[in-house]
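So the chains spell out like this:
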Amino acid sequence: MAAVVALVVAFCVVAGLPSEAWAGRVGDGKPAAPPSPGLKRVLDYIEGQLDRYDKDLSELVAFPSVSALPDHTPHVLAAADWVAARLRRAGLQGVEILPTNGSHPVVYGEWLSVGTAAPTVLLYGHYDVQPVDPLDEWESPPFEVSKRGGYYYGRGVDDDKGGLLEAVQAVEAWLQAEGSLPVNVKVMLEGEEEVMSPHLPAFLRAHAARLAADVVLSADGGQPGPEVGGISLGLRGVVGMQVHVETAGTDMHSGMKGGSVPNANHVLAALVAGLRNANGGVAVEGFYDDVAPLTDEDRADVAEYHFDADQEKESLGLYGFTGEKEYGVLEQRWFRPTLDVVGMWGGFTGEGIKTVIPRAAHAKISCRLVPAQTPEGVLAKVSEHIARHCPAHARCRVIPMGGSCHPWTNPRRTAANDAAAAVHRTVSAKEPIYLRDGASIPALTFFQQELGLAVTKFGWGLSERIHAPNERLRADMYGKGRRAWALILEELARRQAEAAGVREEL
Ligand SMILES: [Zn+2]
């Protein structure tokens, strides 16, 4: 691949075409520099600690730090204590548990002894996890790490306890093996990512000076495959809402009144059916107004991903794909917004039957957003659509529900993306691919919005069954991630020094 790109670049230069667009597709095309003697010692140190890294994962996963469930707040706080102690043990300084305006704190630590000679890197991750239900679908207890068949199983082994540990273990390896880090490091681990980080924007504003950095590396997020690395160029945003339909002041007897009075379930069902158009898209007026068309480069990224629709169909037990007919599966996930009804209820839903005409019915809706769409704008459009289509014999309301965040986009070429691409070339011996992700990590948008910081996603799990029963992490990715973190710290420092050298020569 690198050779092909080099040829294309050479051709463009010869033909007098601008070559940047082509060169930019793969960063600067360089692998990470050969490891320094210091980095070699760091990697050797890591090899001697493997049992301890397993223990790290077991201990941290044992805290049921489920941020969505208020009963679990003591476990979230206990997990924060463990993480703070672990940062201290790694050799980080100024370790503190910082309160937010919510009930789950941020754990912070730093090591800033390189000074201005090297960049300052803010490492982000989260120690909270998703709920575990349905519990009976777990093959081993969710809060006890079980290692079998080359995988760790347990809630948070990947998202994001394993992810954050890889970064912390790499920082520790530098500090223990070399007594220093190649860059200044600030570590910021939050406890509310799984509930959309509602207090993070205010926290970032309040601690802007302490968190000042050149770049954020996120330990949350994953890789496209075990053998190939990915650089993420964007995540979708999200907004949630609830639709309430009322048709009467009371439930009614379906025999005595049925046929002559409106049924709230039927009204809601018609409204929901009207949210889709015949083309498989969203029928809300103006929903796609701000959505940019795909570029040739977007389509090239999709093609390079080599998405296997049949394999996914098989693994998910799908009977078929749906959606907008003119877009492929991956194109929809990366570049198109969604509107999904994620819950619906009304009338009698218990066992057996009750002959009742419900007076009210409800639906929860989640929309994923793409660049230029805003949570407020989409909420307004859906609300207007529901109001316009609500029949005269009903009253319909839409209220915002849950957190929301704007989409996150990341330019292809940033210093940290190029450094990450170089590390991918070295650890995978393959050209990384550039991709997007249909999911959302609100913090990445908040770093951009509140601190003006570029973020590079540098998580190393494969996102297998995250948020679902039997979440798992490939054991080799836990090791690969840790080594990659050790590499990127040196790579960022080397690239900045090189850039400074070039500037001096000029
Ligand atoms: Zn996560």
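Please read these numbers as outputs of a predicted model, since none were measured by experiment. (Residues numbered from 1 in each chain as written. Predicted model: local features only at pLDDT ≥ 70, side-chain atom pairs only at ≥ 80, totals over all residues. Heavy atoms only, no water.)

### Digging into the overall build of the protein
Threshold: We count a stretch as a helix when DSSP gives it H or I for four or more residues in a row; a strand needs E for two or more, and each element gets its number in order from the N terminus. In this treatment the radius of gyration is a C-alpha quantity, and the globule benchmark scales as 2.2 Å times the residue count to the 0.38 power. Burial classes follow relative accessibility: with a 1.4 Å probe on protein chains only, a residue under 20% of its type's maximum area counts as buried, one over 50% as exposed, and anything between as partly exposed. We call two residues in contact when some of their heavy atoms are within 4.5 Å.
Counting its secondary structure elements, the protein contains 15 helices and 19 strands. At 25 Å, the protein has a C-alpha radius of gyration in line with the 23 Å of a compact globule built from 506 residues. Along the three orthogonal principal directions, the C-alpha set of the protein runs to about 85 × 60 × 45 Å. Looking at the protein as a whole, 52% of its 506 residues are labelled buried. Partitioning the contacts of the protein with sequence separation of at least 6, the portion at a separation of at least 24 is 80%.

### Looking at the pattern of salt bridges
Going by this rule: Salt bridges are identified by distance alone: a Lys or Arg side-chain nitrogen within 4 Å of an Asp or Glu carboxyl oxygen.
All chains considered together, the criterion is met by 27 salt bridges. Arg155 is the salt-bridge partner of Glu471, the closest N and O atoms lying 2.8 Å from each other. Separated by 316 residues along the polypeptide, Glu471 in the loop between strand E18 (455–457) and strand E19 (472–474) and Arg155 in the loop between strand E6 (151–153) and helix H6 (161–178) bring together distant segments of the chain. Per residue, the accessibility class of Glu471 equals that of Arg155, and both read buried. It is possible to trace a salt-bridge network through shared partners that takes in Arg52, Asp56, Arg86 and Glu172.

### Section: the coordination of the zinc ion
Note the cut-off: Coordinating donors are taken as N, O and S atoms within 2.8 Å of the metal, stretched to 3.2 Å for Na, K and Ca; because water is absent from the atoms, sites can appear incomplete. Sites are called tetrahedral only when four donors show all angles between 85 and 135 degrees, square planar or octahedral only when four or six donors show opposite pairs over 155 degrees and all other angles between 65 and 115, and irregular in any remaining case.
At this site the zinc ion is bound by His126 (NE2), Asp159 (OD), Asp220 (OD) and Asp220 (OD), with donor distances of 1.9 to 2.6 Å. Viewed at the metal, the 4 donor atoms of the zinc ion are separated by angles of 52 to 148 degrees, and the geometry they form is irregular. Sequence positions of the residues that donate to the zinc ion give the spacing H-x32-D-x60-D. With His126 in strand E4 (residues 120–126) and Asp159 in the loop between E6 and H6, this pair connects stretches of sequence that are 33 residues apart. In this structure Asp159 comes out as buried when scored by relative accessible area, which is 7%.

### Section: the side chain of Ser197
Relative to the assigned elements, Ser197 resides in the loop between strand E7 (184–190) and helix H7 (200–206). Beyond its immediate stretch of four places on either side in the chain, Ser197 contacts Tyr124, Glu190, Glu192, Pro442, Ala443 and Phe446.

### Some remarks on the sheet that holds strand E14 (residues 360–369)
Worth spelling out the cut-off: A strand pair is defined by DSSP finding two or more bridges across the two strands. Every angle, taken between N-to-C directions, lies between 0 and 180 degrees, and every axis is a line fitted to C-alpha atoms, over only the stretch in contact when it is a helix.
With respect to topology, 4 strands assemble into an open sheet ordered E12-E14-E10-E15, the strand pairing being antiparallel. Bordering the open sheet on either side are strand E12 (338–346) and strand E15 (395–400), each of which pairs with just one other strand. Averaged over all adjacent pairs, the angle separating strand axes in this sheet is 20 degrees, with direction ignored. Against the sheet, helix H8 (residues 264–273) contacts strand E10 (237–246), E12, E14 and E15, and its axis sits at roughly 20 degrees relative to E14. Contacting E10, E12, E14 and E15, helix H12 (residues 375–389) runs over the sheet at an angle of about 25 degrees to E10.

### What to know about the side chain of Gln242
Considering the arrangement of structural elements, one finds Gln242 in strand E10. Once residues lying within four places of it in the same chain are set aside, the contact partners of Gln242 are Trp345, Ala363, Lys364, Arg397, Val398, Ile399 and Met401.

### Things to note about the environment of Ala303
Position of Ala303 among the secondary structure elements: in helix H9 (residues 296–305). The spatial distance from the C-alpha of Ala303 to the C-alpha of Lys257 is 58 Å, given a sequence separation of 46 residues.

### Section: the state of the cysteines
So the rule is basically this: Cysteine sulfurs are considered disulfide-paired once they come within 2.5 Å of each other.
The tally for this structure, following the rule as stated, stands at 1 disulfide. Note that Cys390 is cross-linked by a disulfide to Cys396, the S-S spacing being 2.1 Å. Residues Cys390 and Cys396 are joined by a disulfide whose S-S torsion is about 75 degrees; by sign, that bridge is right-handed. When sorted by exposure, Cys390 lands in the same class as Cys396, which is buried. Looking at Cys367, it has no disulfide partner, and the nearest cysteine sulfur is the one in Cys405, 13 Å off. The exposure class assigned to Cys367 is buried, which follows from its relative accessible area of 0%.

### Side note on helix H5 (residues 73–90)
Just so we agree on the cut-off: Expected span, for any helix, means 1.5 Å times one less than how many residues it has.
Between its first and last C-alpha, H5 extends 26 Å over 18 residues, near the 26 Å set by a 1.5 Å rise per residue. Inspection of H5 places Thr73, Val76, Ala79, Ala80, Trp82, Val83, Ala84, Arg86, Leu87 and Ala90 among the buried residues, and these make up the whole buried set. Looking at the packing, one finds that the buried side of H5 touches helix H4 (50–61), strand E2 (93–98), strand E3 (106–111), H6 and E7. Of the residues flanking the end of H5, it is Gly91, one or two places downstream, whose phi is positive at about 105 degrees.

### What about the UniProt feature "domain: Peptidase M20 dimerisation" (unreviewed entry) in the protein?
Selection rule: UniProt positions are given in the numbering used here, feature names are shortened, and annotations may be inferred rather than shown by experiment.
Feature annotation in UniProt assigns "domain: Peptidase M20 dimerisation" (unreviewed entry) to the following positions: residues 234–392. What you have in residues 234–392 is 31% helix and 22% strand, and the ends, taken at the C-alpha atoms, are 42 Å apart.

### Describing the packing of aromatic side chains
Quick note on the threshold: Geometry of aromatic contacts follows a simple scheme: Phe, Tyr and Trp rings, the Trp one being its six-membered ring, pair when their centres are within 6.5 Å, and the pair is stacked under 30 degrees between planes, edge-to-face over 60, tilted otherwise. Only lysine NZ and arginine CZ atoms are considered, and such an atom sits over a ring when it is within 6 Å of the ring centre and within 35 degrees of the ring normal.
All chains considered together, the criterion is met by 8 aromatic pairs. Judged by centre distance (6.1 Å) and plane angle (50 degrees), the ring pair of Tyr151 and Tyr153 falls under tilted. For the pair Tyr151 and Tyr153, one class covers both residues: buried. Taken together, Tyr305, Trp334 and Phe335 form an aromatic cluster joined through their ring pairs. Seen from the ring of Tyr151, Arg472 lies directly overhead, with NZ or CZ sitting 3.7 Å from the centre. Lying across the ring of Tyr478, Arg482 places its NZ or CZ 4.5 Å from the centre.

### Details of the pairing of strand E17 (residues 433–437)
Of all 5 residues in E17, 4 are buried, a share of seventy percent or more. For strand E9 (residues 230–235) and E17, the ladder comprises 5 bridges, and the chain directions are parallel. Opposite Ile231, over in E17, you have Tyr434 as the bridge partner.

### Some words on the packing of helix H3 (residues 37–47) against H6
Selection criterion: The cut-offs work like this: below 35 degrees is roughly parallel, past 145 is roughly antiparallel, 65 to 115 is roughly perpendicular, and the gaps in between are oblique. A clockwise turn of the near helix away from the far one marks a right-handed crossing, whereas an anticlockwise turn of less than a right angle marks a left-handed crossing. Residues are grouped as follows: nonpolar covers Ala, Val, Leu, Ile, Met, Phe, Trp, Tyr, Cys and Pro; charged covers Asp, Glu, Lys and Arg; every other residue, Gly included, is treated as polar.
Orientation of H3 relative to H6, taken along the N-to-C sense of each, is 110 degrees, at an axis distance of 9 Å. As judged from the angle between their axes, H3 and H6 are roughly perpendicular. Between H3 and H6 the crossing geometry is right-handed. On H6, the residues that touch Gly38, Leu39, Arg41, Val42, Tyr45 and Ile46 of H3 are Glu172, Ala173, Trp174, Gln176, Ala177 and Glu178. Its residues assigned to classes, the contact of H3 with H6 shows 7 nonpolar, 2 polar and 3 charged.

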